[in-house]
Every structure is written in structure tokens, then in C-alpha cells.
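This is what each chain is made of:
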Amino acid sequence: MRGTTERKNFSKDGVDHEAVVVAAPDLSVDWRGRPSNPNKHGGMKAALFVLGLQAFEMMAIAAVGNNLITYVFNEMHFSLSKSANIVTNFIGTVFLLSLLGGFLSDSYLGSFWTMLIFGFVELSGFILLSLQAHLPQLRPPQCNMLTLSTKVDNHCLRANEFQTFIFFMALYLVALGSGCLKPNIISLGADQFVKEDPNQSKKLSTYFNAAYFAFCVGELIALTVLVWVQTRSGMDVGFGVSAAAMAMGLTCLICGTLVYRNKPPRGSIFTPIAQVVVASMTKRNLVCPSNPEMLHGSVNHSSNHIKDTSSSFDNNLLHTDKFRFLDKACIKVVQDGVKESAWRLCTVAQVEQVKIIISVMPIFACTIIFNTILAQLQTFSVQQGSTMDTRLGKSFQIPPASLQSIPYIMLIFLLPLYETVFVPLARKITGKQSGISPLQRVGIGLFTATFSMIAAALVEKKRRTSAQNSHETLSIFWIAPQFLIFGISEMFTAVGLIEFFYKQSLAGMQSFLTAMTYCSYSFGFYLSSLLVSLVNKITSNGSSGWLSENDLNKDRLDLFYWLLSALSLLNFLNYLFWSKWYSYNPSLLTKTPPTYHHNHEYHEGDGEDHSNHHHQSFNSSKRIGVDNIIIL
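Residues numbered from 1 in each chain as written. Predicted model: local features only at pLDDT ≥ 70, side-chain atom pairs only at ≥ 80, totals over all residues. Heavy atoms only, no water.

Student: Tell me about the overall build of the protein chain, residues and numbers included.
Tutor: Counting its secondary structure elements, the protein chain contains 17 helices and nine strands. Put simply, the protein chain has 632 residues, and 59% of those count as buried. Excluding contacts between residues fewer than 6 apart, the proportion of contacts in the protein chain whose partners are at least 24 apart in sequence is 79%. (Helix = DSSP H or I, 4+ residues; strand = E, 2+ residues; numbered from the N terminus. Buried < 20%, exposed > 50% of the residue type's maximum accessible area, 1.4 Å probe, protein only. Contact = heavy atoms within 4.5 Å.)

As C-alpha cells, this is what we get:
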């Protein structure tokens, strides 16, 4: 399918030129594998079905994950620190498995079929969890872990090996299904809009906000209605409702089958990356040419006729000066007319693809501490709330896990205001379709997260002092501020990061790069488990550590929160450095053609060109920097 053409005027070396711009063809297909029809497929009407799955799946998984520590501690009888680690490891595994889902989607199955298959895997896990919570023989005898009213050697009986096996099998079926679903929910929804079309850039940003709105709705229902059901009717009924919600989400997905724009899989995404690494290592002793146009697969040009010679990728990426050692993979070595293999000679497009992946790694790493803070709100803060006065009125009691609904109640109102008020106002100031760049949005969120832990530390100190000195029980609403502040932080960080990674993705890698967003959650939760273990080990000194008791009145959770606030602030300062260092490959910017001068630079996500800087420059005679556009 041939792309559309239009003529663009640009200036090079002070001379005006006209070039024919051919937009990269739309290679999306319908459910039968036929070329998609813009009048029938894609757009917000198709994305709504995906948003439905997003809301129902989040409702199901959040109802389990956010109250799981209560089930593991009270029903399976693991210690408090062990229970917290089980929860963080489970959630970490969910997000780590998103890499598998992204790989299978981009390489072999496509987003729709990956979501359908693993959606049923997740559903089976919910059903098994419900059965275990319902059948007494699959759980240890009932026992109050706080009062230890039923004692055997001063401890409640823990789940035996068979019961533990059933529990973990069900839990990790949910993890496998949800992990493989998550990146594809985002990418399939975003694929309903033509990323290469500048006119749809605004719609794409709106979709990411809508996706987070659906996420908030699912979380809110899970943390209010479903957690209340779990508390009042039992975890077996609660897990069963999660299974029903997942079934409804799969129904939404299937109902949109006829209107989806699907990106077909393109084979292994790791092969071209591995070829660049192998080729650059093989030719590590060679010297890169001073003229980048001597590299294999570079761009030929004339004053008004610019043509791409690379056929390996849809994206005709401009050469950049970062990581020049990788350019050695593009040096052609002639030996008696023998053609070099793909493992010894790569194109500029391949190399630039690897450069982009390497460049986003520091940004990815800077969000790990942020998600470590999120882990505390889903574990220790829930247990913190269980030690406080949960009464609302004379008869109604608030489930501690429902406190996490506070930020989502707020965000349901803030997100529409962000989209309808803040973005248009910021757009007038910055000229950017999304108001502020994704990296600026992430930075605001990372900075705000520090204050969530400061609030948590101050409240925990007051709660502990009141319980020990005056034997008073504080109201559970004292811990609301830490959830509120983190909710605002997450609105900026989570959406900004997803938008950043998707817009940096290349053809055939949308799901995988989006999965890296969720991988950050995984590492954050794993780091939480590691920090808990390290803090207990370092602070023991022959006595109890900060988090080694099952009683928060004896633990020093407040000091642990102060540690996290310090780490969060240091992480934000680290992020400032890397976000300043980062610069987009100019090919990935959706904008009108710039006026050409020497030493142009495109900085973090602002879509503007800057002169006389040194982070990233490109040859002024190359193709004009329009996102995913080929110039002939």
C-alpha cells in the first residue's frame, strides 16, 4: 500500500527547496488480515472496547492485589513481612511478565490474539483463587494472627505445602495472564490512531489520558465495592466477583473484533538488535568514517530529491552521533566481492533503533524508586490502616484497603480537568499538542512522590506515639494525605511514561517498548522486597529490626518511610540529569519540517529544534525530521 504524498518547503544552507513527502503507508489490517479501512476501522469508537477491557481487568486485578496482604496474613498465616514480600513479588511478577506479552505480540501473535489467549489464563487464575478461598481443606485452620487465640507452639498454623502450592499456582496464573495483557491493552488502543499522522497526535494524547481514566474507574470500583464485598462476604466471594469482572472485560474485547486496526506481527524483534551488537563487536577495531553518509543504509540526497535506501525497517531513522561505537556495525568491508551477512553488516536504521532503546534505559531506571513507593501504599499502608480506627459513623467500618480509593476518586475529577483545562492552557504557552512533554510530566510526578512518603512518615510517627503513650487510636483518615499526594504524582508519572515509551516505539516494537513501562513497576516492587529484607538485616543489631515484628507499634515503619522519601528525592535529582541528557531521534518527532541549519539538536520531547548544543547533532543535508515520513 503506497503512502500519501504532499510537497513540503524547507530551507537548507539559506536556500529554499521543495521536497515530495511520502507518508509511510498504513500497514494495519482487520481481523481477517485484510488491509484496514479508515472509515470502518480504528478511531475512538474502536478504542472504547479496549478501554472497557482496561477498566474491567483493572477492577479484577486491583481487588485481588490491593487486599492480598490481608488474605495472605489472616488466612494463609504468613508473617507480616513475609506477606508484604509475597504481595510485592506477585505484583512485580505481573509487570515483569509484561515483557513476555510485548514480545509475543510484536513478534508472533499480534496484540489482539495475545490479549484473548492470556485473558482466559488470567480468568482461570481468578477462578482457582476463589475455589481455594471457599474450600476449607485448601486453607489452614482459622486463627487470629493478631491475638493468636488458637496457638500451636505460640503460632498460628501456616498453610501446608499443598495449600501453598495451590495458592501460588492460582496467584501466578493471574500474574501470567495480567502481565501479558497489560502492554497490549495500551498498544492495541493506541494503534487505533495513526501515530504517523500529525493531525492525530492530539487524539493519541487524549487516548492515553482516557486509558488512565479507565484505569482509575477500575481501581475505584475495586477498592470500594469489591474490597467491601471481600470484607463483608468473604474473600471467596470477592475473588469470584473478580473472575466475573474479568469475564466481562473479555466480552468487551471480543465485541470490538470487527472494528480494530491490528498491527501484524513482524517476527522476532530481538534478532535485528542482536545483529547490531554482534556486528559492532566484530568490527570494534575499525574506525568510523567522519561522513555518516558512508555508512551502510544511510540516506542519499540531492538538493530537492531525498531518498531512503534502507529496506529493513518502515522507519527511516536519521543518523545521530550518540553511541558512535555502534555505527561500526554499518561499515561495509569489501572482501573479493563477497557480500557480508546480516550479522556482520547492519543498516543505519537498525543501529538507530538500538540507540533509541539504550537511550530510554536511564529514563526507565529513574521510575523504579517511584514504584517502590507505590508498593508501600499497597502493603504497609494497608496494614497501617488496619491498626487505626476504621469506623465511619456508628455501624459502618471502612476496609483499610479501600483507602487506596481516595486518590482515584480525586483523579476521576482531576483527569477531565487536566485534559479540558490544563492541556489547552499549556498548549497556548508551549505550543505542544499534549500541553507539556511526556518527560516533563514524568518529572513533575517524581518530584511530587517524595511528599507522599514524607506525609506517611509524619502520620506513622504520630500514630505510633499515640498508641504507645496515650493508648489512643487515630482515625484511619489520618493516612489519607499520603494516598492523595501519590495519586496526583501517579497521574503525571504513569501517563507521561506510557506516552513517552509509545511515542519512542518503532514499527513492530510498540507492545514491547510499552511493556518496559510496566517492567518499571516490576523492578520497583522487587526493590521494595529487597529493601525490607536489607533494612531488617541492617537494623537488627541483636534486636528486632525496623520491620521484623508483626506489630506496627513495635516496628519503626516511620523510619522506613523517611528512608524512602530520601531515596525519592535523590532519584528525582538523578532524573533531572538524565532527562536533560536525553534527546529524541529527530525522525520520531511529529511536527512540520524545520528550517535547516548546521548543528541542529532535538531535546527531550519538546518537538523543537535547538542550535549550538552538543547532545545530538545530525547532518543538515539529510532527510527532514518528520515523524515516520519518507521523502522521495
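Alright, that's what it looks like, and here's the rest.
Student: So what about the packing of aromatic side chains? Which residues, and what values?
Tutor: Using the criterion set out here, one finds 22 aromatic pairs in the structure. With a centroid separation of 5.3 Å and an interplanar angle of 80 degrees, the aromatic rings of Y71 and F239 are classed as edge-to-face. Placement of the pair is Y71 in helix α2 (residues 68-74) and F239 in helix α8 (residues 235-255), with a sequence separation of 168 residues. For the ring pair F323 and F325, a centre distance of 6.3 Å and an interplane angle of 80 degrees mean the geometry is edge-to-face. Given a relative accessible area of 48%, F325 falls into the partly exposed group. Feature note: the residues Y71, F90, F167, F168, Y172 and F239 constitute an aromatic cluster, connected by ring pairs. Above the face of the W581 ring, K322 is positioned so that its terminal group lies 3.6 Å from the ring centre. (Phe/Tyr/Trp six-rings, centres within 6.5 Å; stacked < 30°, edge-to-face > 60°. Lys NZ or Arg CZ within 6 Å of the ring centre and 35° of its normal.)

Student: Go over the side chain of S452 with me, naming the residues and quoting the values.
Tutor: In this fold, S452 is placed in helix α14 (residues 438-470). Overall, S452 belongs to the buried group, its relative accessible area being 0%. At a separation of 2.8 Å, a polar atom in the side chain of S452 contacts the main-chain carbonyl oxygen of Q482. When near neighbours in sequence (up to four residues on either side) are disregarded, S452 contacts L377, Q482, I485 and F486. (Polar contact = N/O pair within 3.5 Å; in protein donor to acceptor, adjacent residues only side chain to side chain.)

Student: How would you summarise the nonpolar core if you had to cite specific residues and measurements?
Tutor: Within the largest apolar cluster, 136 residues are counted, with the highest numbers of intra-cluster contacts made by L68, F90, F167, Y207, F208, Y212 and F560. Looking at this core, you find at least three residues from each of domain 1 (27-147 + 156-266) and domain 3 (360-585). With residues near it in sequence (within four places) discarded, F560 still touches Q376, F380, L531, V532, V535, W546 and L547. (Core = buried A, V, L, I, M, F, W, Y, C linked by side-chain atoms within 4.5 Å. Domains from an automatic or database assignment.)

Student: Tell me about the pattern of salt bridges, and name the residues and values.
Tutor: Taken as a whole and assessed by the stated rule, the structure comprises 11 salt bridges. The residue R34 makes a salt bridge to D30 at a minimum N-O spacing of 3.1 Å. The residue K355 makes a salt bridge to E352 at a minimum N-O spacing of 3.1 Å. Here E352 and K355 lie together in helix α10 (residues 348-365), a separation of three residues that amounts to about one turn. Here K355 matches E352 in class, with each residue buried. The network of salt bridges with shared partners includes R324, D327, E352 and K355. (Salt bridge = Lys/Arg side-chain N within 4 Å of Asp/Glu carboxyl O.)

Student: Lay out helix α5 (residues 111-134) in plain terms, naming residues and giving numbers.
Tutor: An ideal rise of 1.5 Å per residue puts 34 Å on 24 residues; α5 measures up with 34 Å between its terminal C-alpha atoms. Counting buried residues along α5, 17 of its 24 residues qualify, which places the element largely inside the surrounding structure. (Expected span 1.5 Å × (residues − 1).)

Student: Give me the lowdown on the packing of helix α13 (residues 405-430) against helix α15 (residues 480-504), citing residues and values where you can.
Tutor: For the pair α13 and α15, the least separation of the axes is 9 Å and the interaxial angle reads 35 degrees. For the pair α13 and α15, the sense of crossing is right-handed. Every residue of α15 that contacts α13 at I406, P407, Y408, M410, L411, L414, L415 and Y418 is listed here: A480, F483, L484, G487, I488, E490, M491 and F492. Residues that form the contact of α13 with α15 fall into these classes: 14 nonpolar, one polar and one charged. (Axes fitted to C-alpha atoms, helices over the stretch in contact; angles between N-to-C directions. Left-handed = near helix turned anticlockwise from the far one by under 90°. Nonpolar A, V, L, I, M, F, W, Y, C, P; charged D, E, K, R; others polar.)

Student: Could you give me a rundown of α15, with the residues and numbers involved?
Tutor: For an α-helix the count is 3.6 residues per turn, leaving residues at separations of three or four pointing the same way. Helix length check: α15 (25 residues) gives 36 Å between terminal C-alpha atoms against 36 Å at 1.5 Å per residue, within 8%. The sharpest bend along α15 reaches about 30 degrees and sits at E490. (Bend = angle between axes of the 7 residues up to and from the residue.)

Student: Quick one: what's the story with the packing of helix α11 (residues 368-378) against α15, residue by residue and with numbers?
Tutor: At a minimum axis separation of 11 Å, α11 and α15 run at an interaxial angle of 145 degrees. As for the relative orientation of α11 and α15, their crossing is left-handed in sense. Side by side, α11 and α15 meet where F370, I373, L374 and L377 of the first sit next to Q482, F483, F486, S489, E490 and T493 of the second. Grouping the constituent residues of the contact of α11 with α15 by class yields six nonpolar, three polar and one charged.

Student: How would you sum up a nonpolar patch on the surface? Please name residues and give values.
Tutor: Residues F447, F451, L569, L570, L573 and L576 make up a contiguous nonpolar surface patch of about 550 Å² in total accessible area. Going through the elements one at a time, α14 and α17 (557-581) are the ones with two or more residues in the nonpolar patch. Per element, the largest residue contribution to the nonpolar patch is four residues, and it comes from α17. Position of L570 among the secondary structure elements: in helix α17. (Patch = residues over 30% accessible without salt bridge, like charges linked within 9 Å, V, L, I, M, F, W, Y side chains within 5 Å. Areas by Shrake-Rupley, 256 points an atom, 1.4 Å probe, with all protein chains shown as cover.)

Student: Can you tell me about the environment of V174, naming the residues and giving the values?
Tutor: Relative to the elements of secondary structure, V174 occurs in helix α6 (residues 161-190). Separated by 47 residues in sequence, V174 and I127 place their C-alpha atoms 9.6 Å apart. If sequence neighbours within four positions are ignored, V174 has contacts with I61, F90, E122, G125, F126 and L129.

Student: Account for the confidence of the model for the protein chain, with residues named and values stated.
Tutor: When pLDDT is averaged along the protein chain, the result is 76, and 79% of the positions lie at 70 or above. Per-element confidence in the protein chain ranges from a low mean pLDDT of 25 for strand β9 (residues 629-631) to a high of 92 for α5. Scored below 50 in pLDDT, residues 149-153 makes six contacts in the model with residues more than four places away or belonging to other chains. Under a pLDDT of 50 for its full length, residues 590-632 has, in the predicted model, 152 contacts with residues more than four places off or in other chains. (pLDDT = per-residue confidence, 0-100.)

Student: Requested: an account of unusual backbone geometry, with residues and values cited.
Tutor: Leave glycine aside and you will find that most residues have negative phi; peptide bonds, for their part, are mostly trans. One non-glycine residue, F323, lies in the positive phi region at around 50 degrees. In this structure, F323 sits in the loop between β4 (307-308) and α10.

Student: Tell me about the environment of K355, and please be specific about residues and values.
Tutor: Among the residues examined, K355 registers a relative accessible area of 2% and is labelled buried. Expressed as a C-alpha distance, the spacing of K355 and T320, which sit 35 residues apart in the sequence, is 8.8 Å. For K355, the contacting residues outside a window of four places in its chain are H319, T320, K322, F323, L326 and D327.

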